[in-house]
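Secondary and tertiary structure notes
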Amino acid sequence: MVTAAYVGAVWGIGRAVDLPPASRPGPGSLLSAAFVALTATLIVIGCLLVVFAASWLLRRVVRSSSDARPFGTPWSVWRAHLSAERVVPAFVTLFLYAVLMDTFVGIKGQIPALHPFAWDEAFMRLDRTLHFGTDPWVLLQPLVVAPMGTALLDRLYYIWFPVNLIILIAFAWRHADRLRSRFFLAFFGLWILLGTAMAVAFSSAGPCYYGRVVTGPDPFAPLMAYLHRVDAVHPLTALDVQALLWDGYVGRERLVEGIAAMPSLHVAVPVLFTIVMWGIDRRLGVLFGVYTALILVGSVHLGWHYAIDGYVTLALVPAVWWLAGRIAPDPSSGG
């Protein structure tokens, strides 16, 4: 229902303001989403079968040993993970996520058309006010061991994508319970409420594009010059993606589109993972908390975000998680 409402709203807005057809969800989007979800589901099933085969082999090899049990898992356990009760909901969840992301990417590329970048200068000044008159990136500069520290933050920043996918699939395959329902309500809510509604309302490009969207001196020019110097020694993915996004924005190359700084979804997602993992295992919660902190630092140091983008996100994600907890159904109760 959440995804359907989001798709319908985006489609309606696109028609109302006459956005390009490519930015609106359509039948082709559903077919592509189904293909992606089916492919992901089959890959996971294949991985589970491989792990089961390895487990079975280990049990056979060490079956005469008194330590055999830790090396293998009975087929009944693996069969439970491959049952229709697991596979079908996982496929449906991945399908809905693919539809959501297709819709999100389409509308994100049109944010400047809906609301031209208007908040960059205000966020820059707010950052300075919150940090006692100094730009946050300047405060971070002595703390980053350059250039290796910058390169490491760049790598960690893009590990976000596989981590995001792994956690998503793990929860999609989880048995139906209230935690699973709450997680996906909150997860989808981040993309809809923060990544779309707020991104449109507070349309901003980010520090790396400041000099291109704001008239006057560019306070981030020294930061970008530093990043380009590092890039000459340790190639930075951030600069390549920033260039691709700008090319998409100005219409030179539409391979990658969608510029939006406020709020930071790159910070929002690991914050949600931290909250969820803290409730499952506090050691995992601490691990994801550290990763969230590094992503927040990287978002500022790599020129993607104003610090306020991350601070607002840190405040809003717990609110989204709380709201999801208020409305998430408990599948085990039959409700």
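This report concerns the structure included in the present document. (Residues numbered from 1 in each chain as written. Predicted model: local features only at pLDDT ≥ 70, side-chain atom pairs only at ≥ 80, totals over all residues. Heavy atoms only, no water.)

**Focus: the overall build of the protein chain**
- Helix and strand counts for the protein chain come out as 15 helices and zero strands.
- In the form shown here, the protein chain has an accessible surface area of approximately 16900 Å², with 69% of it arising from carbon and sulfur atoms. (Helix = DSSP H or I, 4+ residues; strand = E, 2+ residues; numbered from the N terminus. Areas by Shrake-Rupley, 256 points an atom, 1.4 Å probe, with all protein chains shown as cover.)

**Let's talk about the packing of helix H4 (residues 84-108) against helix H8 (residues 148-172)**
- Between H4 and H8, the least distance of the axes is 8 Å, while the angle of their chain directions is 140 degrees. When the axis of H4 is compared with that of H8, the two are oblique. Judged by residue contacts, Arg86, Pro89, Ala90, Thr93, Leu94 and Tyr97 of H4 engage Asn164, Leu168, Ile169 and Ala172 from H8.
- For the contact of H4 with H8, the residue count by class is seven nonpolar, two polar and one charged. (Axes fitted to C-alpha atoms, helices over the stretch in contact; angles between N-to-C directions. Parallel < 35°, antiparallel > 145°, perpendicular 65-115°, else oblique. Contact = heavy atoms within 4.5 Å. Nonpolar A, V, L, I, M, F, W, Y, C, P; charged D, E, K, R; others polar.)

**Here's the deal with the pattern of salt bridges**
- Taken as a whole and assessed by the stated rule, the structure comprises five salt bridges.
- Measuring nitrogen to oxygen at the nearest pair gives 3.1 Å for the salt bridge that ties Glu121 to Arg125. One end of the pair is Glu121 and the other is Arg125, both in helix H6 (residues 120-130) and four residues apart, which spans about a single turn.
- Classification of Glu121 as partly exposed rests on a relative accessible area of 35%.
- Note on Arg125: relative accessible area 47%, which makes it partly exposed.
- Across the pair Arg174 and Asp177 runs a salt bridge whose closest N-O atoms are separated by 2.7 Å. (Salt bridge = Lys/Arg side-chain N within 4 Å of Asp/Glu carboxyl O. Buried < 20%, exposed > 50% of the residue type's maximum accessible area, 1.4 Å probe, protein only.)

**Observations concerning a nonpolar patch on the surface**
- Taken together, Leu126, Leu130, Tyr311 and Leu314 make up a surface patch of nonpolar side chains, about 320 Å² in accessible area.
- Taken together, the elements giving at least two residues each to the nonpolar patch come down to H6 and helix H15 (307-327). (Patch = residues over 30% accessible without salt bridge, like charges linked within 9 Å, V, L, I, M, F, W, Y side chains within 5 Å.)

**A closer look at the packing of aromatic side chains**
- Throughout the structure, instances matching the rule amount to 25 aromatic pairs.
- With a centroid separation of 5.5 Å and 20 degrees between ring planes, the pair formed by Trp119 and Phe123 is classed as stacked.
- On the accessibility criterion, Phe123 (6% relative accessible area) is buried.
- With a centroid separation of 5.0 Å and 80 degrees between ring planes, the pair formed by Phe183 and Phe184 is classed as edge-to-face. Grouping residues by exposure puts Phe183 and Phe184 together as buried. (Phe/Tyr/Trp six-rings, centres within 6.5 Å; stacked < 30°, edge-to-face > 60°.)

**A word on the nonpolar core**
- Within the largest apolar cluster, 80 residues are counted, with the highest numbers of intra-cluster contacts made by Phe183, Phe187, Leu190, Trp191, Leu272 and Trp304.
- For this core, the element with the most residues is helix H9 (residues 178-201), which contributes ten residues.
- Once residues lying within four places of it in the same chain are set aside, the contact partners of Trp191 are Tyr6, Tyr97, Leu100, Met101, Phe104, Trp160, Asn164, Thr196, Leu265 and Val269. (Core = buried A, V, L, I, M, F, W, Y, C linked by side-chain atoms within 4.5 Å.)

**So, the environment of Leu168**
- Summarising the element assignment, Leu168 is placed in helix H8.
- Counting along the chain gives 74 residues from Leu168 to Leu94, while the straight-line C-alpha distance between them is 8.3 Å.

**Let's talk about unusual backbone geometry**
- Residue Pro263 is bonded to the preceding Met262 through a cis peptide linkage, with omega at -15 degrees.
- Its place among the elements puts Pro263 in the loop between helix H12 (237-250) and helix H13 (265-280).
- For Phe132, which is not glycine, the phi dihedral falls at a positive 60 degrees.
- Residue position: Phe132 is located in the loop between H6 and helix H7 (136-140).

Functional significance is not addressed by these values, which are geometric in nature.
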